[in-house]
Amino acid sequence: MNVASKPSTHKAAGQYLGYSEQEARFCYHLLVSPDDAQVVMEGEDDVAIRLANGDKVLEQVKSATKHNALSDWSMDLWKTIGNWIADIESGAIDLRHTQFRIYVTPSQTGTVANSIHVANDKATAGETRNLICKARDVLARKPKCNKQVQALLDLGDTKFVEFLSRISIESIHARPEHSVENLWGPSYSEETKRKLTNFAIGLARERANKLIKLGDEGVVGAGSFRKEIQLFAARLNLPTFLAGMSPKPAPEAVAIVHSQRPIFVRQLEIIDIGQDQEIRAVADYLRASADKTIWAEEGDIVQSDLEDWETSLTRTFDLHRGEVQDLHSGSPVEARGRQLLRLCLQSRAKLAGQEVPDHFVPGSYHELADQTGSGIGWHPDYKTILSEDQ
C-alpha cells in the first residue's frame, strides 16, 4: 500500500550541493537498495529511500570532524530526533511505514545514542527513557537540546516504543565514501575500487544535480543506476577499453565556453555546422580534455601515448581531406568542410591500444582544431578566415 505523506517542513532542497557526505550516502543507497526502489537527495530528508511497497527510510547525514555529533546532549542528535517527531506529529511522516537512520562520520559514539540504537522493544525502550531522564537530572542546568529531549519523552508509551525501534545510528567509517568503497568485492584492486567509488559518487551527484537544477526532486532509480555502475566496472576490467571517467559537463559550463567562441567553435561556424552541433562539440571537447587529465593522473596513459594519438588523428585527417577533395570537388567549400568533419569524427581510433568512449575522438579533434599550429581545419581557407575574424 502506498502511503501518502505531507511535505516535511524541515527540507533544505537547495543546500545539498556542498555536502559530499550526503552525495556519498546517496550513492551508497543507490547501490544497495532494491532494484525497484527510488533514492532521493534532499527530499524528505538528507537522503530518503522510497520502497515499492510505500515504506520509506529517512537518513540524516552528519559530519562530526570538529565535535562529537553523538554525545549525549548533541544538538546534531537531538535536533534530528526533534524534527522527526515534529513531522510525525504533523502527519508529514507516517511512523508505521518509516525507518529512521542517523549516519555520522568520522566514527563517534555516545551512551544515549547507543541506547537509542539498540532499543527495539518495550523493555529496551523503557531502559532508554530511564537513562535519558537520569542523565539529565544530574546536570546542573537543562541542556540546550532540552526542548527536543522533552519532545521524545512526551511521546505516549506506544508511540515512544514504535519510534525508538525504528531508529538506527551508524558511525563506523572515517569518511563517508568508505561506505561505498566497502561494497566492491575482493576481486577488485584498491586502485580499481577507488576509481569505481569516484565514478559512482560523481554519477550519483550528476543525476540528482541535474534534476534539482530543473526544480524537480533529486530522485534516481536504484536498479538503473546500478546497471550503469556494473557496466562501468566491467569496462574497467577490460584491458582493451579506457572507460570515460568524466561526467557530462553542466549545460551552464558548456554555454560559457561556447559564448567565448574559442578557435574550434569558430572553425565550426565557418562551415555552418549549426549551433546544436557546436554545443555538442563543446561538450565533447570538455569531456575529452577531462578524461585525458584523469587517465594520465591514474597512470592509464603516458605523454607518449597522447603524442601518438594526435599523430594518428592527424594522419586520418589528411587521408579524409584528400578523399573529400577527390570526391566532392564540385561541392561548396562549406559542404566539403562538413563532410570532412563528419568523416573525422566517425573515426575509430585507439589510444594506447585501447578503445575509447564515443565522445573522445570528436573531443580530441576539436582540441586539435583549437590549436592553430596543428594543421587541423575544416574549411580549406580556415587560417585566412580566422585571422580576419580576430
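Residues numbered from 1 in each chain as written. Predicted model: local features only at pLDDT ≥ 70, side-chain atom pairs only at ≥ 80, totals over all residues. Heavy atoms only, no water.

## Description of the sheet that holds strand β5 (residues 167-170)
Step number 1: The mixed open sheet is built from six strands, whose spatial order is β5-β4-β3-β2-β1-β6. Looking at the sheet topology across the chains shown, the edges are occupied by β5 and β6 (218-221). Strand-to-strand, the axes of this sheet are offset by a mean angle of 20 degrees, without reference to chain direction.
Step number 2: Here strand β4 (residues 98-105) runs beside β5; their pairing, made up of four bridges, is parallel. Considered in β5, the bridge of Phe100 is made with Ile167. (Pairing = 2+ DSSP bridges. Helix = DSSP H or I, 4+ residues; strand = E, 2+ residues; numbered from the N terminus. Axes fitted to C-alpha atoms, helices over the stretch in contact; angles between N-to-C directions.)

## Topic: the nonpolar core
Step number 1: Counting 67 residues, the largest nonpolar core has Phe26, Phe225, Leu351 and Trp378 as its most contacted members.
Step number 2: Broken down by element, this core gets its largest block of residues, eight residues, from helix α8 (residues 190-213).
Step number 3: Contact partners of Leu351, with chain neighbours within four places excluded, come to Leu242, Trp295, Ile301, Asp305, Leu306, Trp309, Val356 and Phe360. (Core = buried A, V, L, I, M, F, W, Y, C linked by side-chain atoms within 4.5 Å. Buried < 20%, exposed > 50% of the residue type's maximum accessible area, 1.4 Å probe, protein only. Contact = heavy atoms within 4.5 Å.)

## Quick look at the pairing of β4
Step number 1: Buried residues dominate β4, accounting for six of its eight residues.
Step number 2: When strand β3 (residues 56-63) meets β4, the two strands line up parallel, connected through eight bridges. Directly across from Lys62, in β4, lies its bridge partner Val104.
Step number 3: Crossover handedness for the path β3 to helix α2 (residues 75-90) to β4: right-handed. (Right-handed = clockwise from strand over helix to strand, strands pointing away.)

## Examining the pattern of salt bridges
Step number 1: Considering all chains together, one arrives at 23 salt bridges under this definition.
Step number 2: Between Glu89 and Lys159 there is a salt bridge, with its nearest N and O atoms 2.9 Å apart. Of this pair, Glu89 sits in helix α2 while Lys159 sits in helix α6 (residues 157-165), and the two are 70 residues apart along the sequence.
Step number 3: A salt bridge links Arg261 to Glu269; the shortest N-O distance between them is 2.8 Å.
Step number 4: Since its relative accessible area comes to 26%, Glu269 is described here as partly exposed.
Step number 5: Overlapping salt bridges, with partners in common, bring together Arg25, Glu59, Arg101 and Glu170 in one network. (Salt bridge = Lys/Arg side-chain N within 4 Å of Asp/Glu carboxyl O.)

## Re the environment of Arg348
Step number 1: Counting through the fold element by element, Arg348 comes out in the loop between α14 (333-345) and α15 (360-369).
Step number 2: Each C-alpha atom of the pair Arg348 and Leu183 lies 35 Å from the other, and the pair is 165 residues apart in sequence.
Step number 3: Once residues within four sequence positions are removed from consideration, Arg348 is found in contact with Glu355 and Asp358.

## Quick look at the packing of α8 against helix α9 (residues 222-236)
When two helices pack together, their arrangement is given by the angle between their axes and by how far apart the axes lie.
Step number 1: Contact geometry of α8 with α9 gives a least axis separation of 11 Å together with a crossing angle of 150 degrees. Pair α8 / α9 crosses with right-handed handedness. Contacts between α8 and α9 involve Thr192, Lys195, Leu196, Phe199, Ala200, Leu203, Ala204 and Arg207 from the former and Phe225, Glu228, Ile229, Phe232, Ala233 and Leu236 from the latter.
Step number 2: Per-class residue counts for the contact of α8 with α9 are 10 nonpolar, one polar and three charged. (Left-handed = near helix turned anticlockwise from the far one by under 90°. Nonpolar A, V, L, I, M, F, W, Y, C, P; charged D, E, K, R; others polar.)

## Overview of the packing of aromatic side chains
Step number 1: For the structure on display, the rule yields nine aromatic pairs.
Step number 2: Here the aromatic rings of Trp309 and Phe360 are separated by 5.2 Å at their centres, their planes lie at 40 degrees, and the arrangement is tilted. Taken as a pair, Trp309 in helix α13 (residues 303-327) and Phe360 in helix α15 lie far apart in primary sequence, 51 residues in all. Per residue, the accessibility class of Trp309 equals that of Phe360, and both read buried.
Step number 3: Pairwise contacts between aromatic rings join Trp84, Phe100 and Phe163 into one cluster.
Step number 4: Across from the ring centre of Tyr103, 3.7 Å away, lies the NZ or CZ of Arg25, which sits over that ring.
Step number 5: The ring of Phe160 is capped by Arg129, whose NZ or CZ atom sits 3.9 Å from the centre of that ring. (Phe/Tyr/Trp six-rings, centres within 6.5 Å; stacked < 30°, edge-to-face > 60°. Lys NZ or Arg CZ within 6 Å of the ring centre and 35° of its normal.)

## Some details on the side chain of Glu278
Step number 1: Following the sequence through the fold, Glu278 ends up in helix α12 (residues 275-298).
Step number 2: Arg261 provides the closest opposite charge to the buried, unpaired Glu278, separated from it by 7.3 Å.
Step number 3: Look past the residues within four positions of Glu278 in its chain and what remains in contact with it is His258, Val265, Leu268, Glu269 and Ile273. (Lys, Arg positive; Asp, Glu negative; His and termini not counted.)

## Topic: the state of the cysteines
Step number 1: Under the counting rule described, the total for this entry stands at zero disulfides.
Step number 2: Its sulfur unpaired, Cys133 is 13 Å from the next cysteine sulfur, which belongs to Cys145. (Disulfide = S-S within 2.5 Å.)

## Description of helix α11 (residues 263-270)
Step number 1: Most of α11 is tucked away: seven of the eight residues are buried.
Step number 2: On its buried side, α11 packs onto α10 (251-259), α12, α14, α15 and α16 (382-389).
Step number 3: Looking one or two residues beyond α11, the residue adopting positive phi is Asp272, at roughly 55 degrees.

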